[in-house]
Amino acid sequence: MSRQIKGLLYFYTIDAIRSILIFWIILLSTLSISVLIAYFIDDPEIVMYFVLSFPAYIFCGIFGFLMVKQSIPFAIKMGVTRKSLFISSGIFILLLSVMKAVLTSSLHGLSIYIQNRFSIQSVDFAHPAVMLADTWINRFIIDLACMLFIFTLLYVFGLVFYRFGLIGGGSLLSIILIAFLYSFAKGWVADYIMTQYSTLTVLYFFQIVGVAIIIYGLSWVFVRNITIVKVV
Amino acid sequence: MKIEVKNVSKTYGKKNALDHISFTLEGPKIYGLLGRNGAGKTTFMEILSGHVLATKGDILIDGEKPFDNQKITESICLIKEGDNFKKDLKVKHVLRIYEYFYPKWDNELAHQLIQEFNLKLNAKVKALSKGMESALGIIVGLASRAPITIFDEPYIGLDAASRKKFYEILLEEYEKEKRIVIFSTHLIDEVSLLFEEVLIMQDGNLALHEEADMLRNRTCSVTGKIEEVEKFISEREVIVKKQLAGMMTAYIFENEDKVNKAGLKAESIPIQELMIYLTERKKGASR
């Protein structure tokens, strides 16, 4: 591995630690307090639902978007080549997604264990994996796929905003929104969801990983000639 | 190393930050890159470091373009007046990160300078005062041992004693390992004696490129009675002239000896004054 890639991975890691810690402290505190409250309520009529993966998905999205604005100019100032930037950002996004998928899947399992162990009825833990089978590995695959997809998508959005400013980024978002609304109005979105739901297998999430890799590949178009000048 | 600047232009919207400039720098040498605000100094340094692309023309370093060229970018360290480092990082992380990017990085020197400038390794960049952040930039610039080290107004907020310390260390390090040092500053008088060559930029153009000694020898101020000075300067290139109480002082392109022989008082012109008047004159001429 080249020195530049190692250096950039070190930079990304050191820079991310604080945000990751804050995220987990908030998530774990909220979860602990809620479980404690649920333990004392102990009323099956009152149920709090937790989807522990969703905050992690949101974190990945925000992190991917901000990573461009907050880290790339400094990386260029350190003399990194665009190829090293592309490779190391990709490795970092993958590693962070894997780490978060492992943690969220494990935390979900642990939460369910505690819920069962203490027979807590006022809290429930949901996960998209219930559509398949709620196992650790399924949760991991689904979380990894979703996080990678959201991470890379928002990273590319971040790059578009960085390179083309509010006008460029806003235009792209508008086009996507219009396309989505049109598909929604035509019923294509509903049809797609119904089809996927009825035929859902774990393979679908591997396809999402593939889409995320393609999206990340597209980021090279924006990274190839990126400079420290951010278009406003 | 050899830096060839070939017909380089850079435009931001409608503004010409650099306007077809061409020159060559060959090292090892300490260059003073001077000019007023908005003259295009920082833009030039950013293109040279491969941080931005020129709109037209090329900068070649030993025949290679710096943009996206690892061999060249790890040979160049540009320290600007601010925003060099991510604010959330600790000083020790900054040093560790830069160590990866500069193959000739001198960790011992970096830690020695950390002590010298009284920085704390565990302090975050955002917790440093303006002067301390400047000191960190200086430390990184010197410890990088990059064959081309560029300081763009590197000591904002640094007190006089620390600046003096920096000049001394810079010279020591330069003597130990010669390299191209490009120094851009507004505190010209403080550092002018370090310069071996001076480049003065004005409105995106190169107004002057001269060896510092030649510049000092080729220019001087003439003081005397108005008629005598007027007569002496009548056939010479005048930079600026001032009158006070029947006396005149003129800055001219001439050797001090010739002025003395004419019975007039000759003094050398500080480079800072020269820069001010040369850029003013150029501005006037372009109007």
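Residues numbered from 1 in each chain as written. Chains lettered and ligands numbered in written order. Predicted model: local features only at pLDDT ≥ 70, side-chain atom pairs only at ≥ 80, totals over all residues. Heavy atoms only, no water.

The name given to chain B in an unreviewed UniProt entry is ABC transporter ATP-binding protein, with Paracerasibacillus soli as the source organism.

## Some points on the UniProt feature "domain: ABC transporter" (unreviewed entry) in chain B
The positions that UniProt labels "domain: ABC transporter" (unreviewed entry) are, in the present scheme, residues 3-228 of chain B. Secondary structure within residues 3-228 of chain B divides into 35% helix and 31% strand; the distance between the first and last C-alpha atoms comes to 45 Å. (UniProt positions renumbered as here; feature names shortened; annotations may be inferred. Helix = DSSP H or I, 4+ residues; strand = E, 2+ residues; numbered from the N terminus.)

## What to know about the pairing of strand β11 (residues 238-244) of chain B
For a regular strand, side-chain orientation follows a simple rule: the groups alternate between the two sheet faces. Residue and element names in this part refer to chain B. Two strands pair when backbone bridges link them, and β11 and strand β12 (residues 247-253) are joined in this way by 6 bridges, in the antiparallel orientation. From the neighbouring strand, V238 faces β12, where its bridge partner is I252. From the end of β11 to the start of β12, which pair antiparallel, there are 2 residues, and A245 there has a positive phi angle of about 50 degrees. (Pairing = 2+ DSSP bridges.)

## Looking at the domain arrangement of chain B
Residues and elements named next belong to chain B. Taken as a whole, chain B is organised into domain 1 (2-212) and domain 2 (218-278). For domain 1 and domain 2, the distance between their C-alpha centres works out to 34 Å. Taken together, the contacts link 12 residues of domain 1 with 7 residues of domain 2. In this assembly, domain 1 packs against domain 2 so that about 870 Å² is buried in total across both faces, 66% of it on carbon and sulfur atoms. Looking at the side of domain 1 facing domain 2, the largest losses of area belong to R36, I188 and D189, adding up to 42% of the total buried there. (Domains from an automatic or database assignment. Contact = heavy atoms within 4.5 Å. Buried area = accessible area lost by both parts, 1.4 Å probe.)

## What about a nonpolar patch on the surface?
All names here are of chain A. A grouping of L36, Y39, F40, L110, Y113, I114 and F118 is seen on the molecular surface, where their side chains present a nonpolar patch of about 770 Å² in accessible area. Secondary structure elements with two or more residues in the nonpolar patch: α1 (3-41) and α3 (82-117). Its place among the elements puts Y113 in helix α3. On the accessibility criterion, Y113 (52% relative accessible area) is exposed. (Patch = residues over 30% accessible without salt bridge, like charges linked within 9 Å, V, L, I, M, F, W, Y side chains within 5 Å. Areas by Shrake-Rupley, 256 points an atom, 1.4 Å probe, with all protein chains shown as cover. Salt bridge = Lys/Arg side-chain N within 4 Å of Asp/Glu carboxyl O. Buried < 20%, exposed > 50% of the residue type's maximum accessible area, 1.4 Å probe, protein only.)

## A short note on the nonpolar core
Residues and elements named next belong to chain B. Counting 153 residues, the largest nonpolar core has I3, F44, L136, V140, F166 and F183 as its most contacted members. Looking at which domains feed residues into this core, each of domain 1 (2-212) and domain 2 (218-278) gives three or more. With sequence-adjacent residues up to four places away left out, L136 is seen in contact with F85, V91, V94, L95, L119, V125 and L128. Core analysis: the next-biggest nonpolar cluster, separate from the first, contains 11 residues, C220, F232, I233 and A266 among them. (Core = buried A, V, L, I, M, F, W, Y, C linked by side-chain atoms within 4.5 Å.)

## Describing the UniProt feature "transmembrane region" (unreviewed entry) in chain A
Residue and element names in this part refer to chain A. According to UniProt, the "transmembrane region" (unreviewed entry) feature falls on residues 21-41, 47-68, 89-116, 136-157, 164-184 and 204-223. Regarding residues 47-68, the helix share stands at 73% and the strand share at 14%, and the terminal C-alpha atoms are separated by 40 Å. Taken end to end, residues 204-223 comprises 100% helix and 0% strand; its first and last C-alpha atoms sit 29 Å apart.

## Considerations on the sheet that holds β11(B)
Residue and element names in this part refer to chain B. With respect to topology, 4 strands assemble into an open sheet ordered β11-β12-β10-β13, the strand pairing being antiparallel. One side of each edge strand has no neighbouring strand; the edge strands of this open sheet are β11 and β13 (265-267). Neighbouring strand axes in the sheet, compared pairwise and without regard to direction, differ in orientation by 20 degrees on average. (Axes fitted to C-alpha atoms, helices over the stretch in contact; angles between N-to-C directions.)

## Description of the sheet that holds strand β4 (residues 56-61) of chain B
Residues and elements named next belong to chain B. The antiparallel open sheet is built from 3 strands, whose spatial order is β2-β1-β4. For this open sheet the edge positions go to β2 (15-26) and β4, each flanked by a neighbour on one side alone. In this sheet, adjacent strand axes meet at a mean angle of 15 degrees when their direction is disregarded. Examined bridge by bridge, strand β1 (residues 2-12) and β2 share 8 bridges and lie antiparallel to one another. Looking at the pairing, E4 lines up with T24 of β2. Packing against the sheet, helix α1 (residues 41-48) makes contact with β1, β2 and β4, and its axis sits at approximately 120 degrees to β1.

## Overview of the side chain of A:D15
In this fold, A:D15 is placed in helix α1. Residue A:D15 is classed as buried on the basis of its relative accessible area of 12%. A distance of 2.6 Å separates polar atoms of two side chains, one belonging to A:D15 and the other to B:K86. (Polar contact = N/O pair within 3.5 Å; in protein donor to acceptor, adjacent residues only side chain to side chain.)

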